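If you want the building blocks of each chain, they are given just below.
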Amino acid sequence: MTETVEKQLRIAEQRCAEQGLRLTPQRRQVMALLLEQDGPRSAYDLLDALQNRHHPGAKPPTIYRALDFLVTAGLAHRLASTNRYLACGHLACEHGHDGTLFLVCDRCGAVREAPMEGRFKQALNNSLAHQDFVVGVQPVEIHGHCRQCQD
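Since we're looking at a predicted model, the values are computed, not measured.

Each value, and the rule that gives it
Residues numbered from 1 in each chain as written. Predicted model: local features only at pLDDT ≥ 70, side-chain atom pairs only at ≥ 80, totals over all residues. Heavy atoms only, no water. Pairing = 2+ DSSP bridges. Helix = DSSP H or I, 4+ residues; strand = E, 2+ residues; numbered from the N terminus. Axes fitted to C-alpha atoms, helices over the stretch in contact; angles between N-to-C directions. Parallel < 35°, antiparallel > 145°, perpendicular 65-115°, else oblique. Left-handed = near helix turned anticlockwise from the far one by under 90°. Contact = heavy atoms within 4.5 Å. Buried < 20%, exposed > 50% of the residue type's maximum accessible area, 1.4 Å probe, protein only. Core = buried A, V, L, I, M, F, W, Y, C linked by side-chain atoms within 4.5 Å.

### Focus: the sheet that holds strand E4 (residues 111–115)
Spatial ordering of the open sheet is given by E4-E3-E5, a layout of three strands whose pairing is mixed. Two strands in the sheet have a free side with no partner beyond their single neighbour: E4 and strand E5 (140–144). Across this sheet, the average inter-strand angle for adjacent strands is 25°, counted without regard to direction. Judged from the five bridges that link them, strand E3 (residues 100–105) and E4 form a sheet pairing that is antiparallel. What sits directly across from Leu103, in E4, is Arg112.

### Considerations on the packing of helix H1 (residues 3–18) against helix H2 (residues 25–36)
Orientation of H1 relative to H2, taken along the N-to-C sense of each, is 130°, at an axis distance of 10 Å. Between H1 and H2, the angle is such that the two are oblique. Judged by the twist between their axes, the crossing of H1 over H2 is right-handed. Along the contact surface, H1 presents Val5, Glu6, Gln8, Leu9, Ala12 and Glu13, while H2 presents Arg28, Met31, Ala32, Leu35 and Glu36.

### Description of unusual backbone geometry
Positive phi is not limited to glycine here, since Asn83 has a value of about 50°. With respect to the helices, strands and loops of the structure, Asn83 is situated in the loop between strand E1 (76–79) and strand E2 (84–87). The backbone of Asp132 sits at a positive phi, close to 55°, despite the residue not being glycine. Summarising the element assignment, Asp132 is placed in the loop between helix H5 (118–130) and E5. Asp132 sits in the exposed class, given a relative accessible area of 74%.

### Observations concerning the nonpolar core
Buried together is how nonpolar side chains tend to be arranged in soluble globular proteins. By size, the foremost hydrophobic cluster in this structure holds 29 residues, and its most contacted members are Met31, Leu34, Ile63, Leu67, Leu70 and Leu75. Listing elements by their share of this core, those giving two or more residues are H1, H2, helix H3 (43–53), helix H4 (60–72) and E2. Beyond its immediate sequence surroundings of up to four residues, Leu75 is in contact with Ala12, Arg15, Cys16, Leu23, Met31, Leu70, Ala87, Cys88 and Leu91.

Right, here's the structure in full:
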């Protein structure tokens, strides 16, 4: 495990402690898998990695419980459109996830996390208010093509 992953895990443990939560060894292992990966992965990809590295007999509920905890604790995100998971890219920042915007490339699968700020967030909230609709905690996903895939 790299020094960067270890540092991120310490931040994750601190965030859990601040919320009165516990990052159990198994949750920590799943968080490490998320931090080590390039881009979002399915629960079954993560389960395979968990089985290969730590728990050969792990079953799907094991990974789903850990992922649900990490998402609820604000340490990871679930991309609803692709049903994949990734570690929060801003663990050390004090930000809420109600304004998280994910830019998802439909060609290469790259995902970039960006805070939804300013006029865009205000316009979206105003538009939703006119529809008498309140958005939940699920982040907003926008699909398109990254700079590399546009060329």
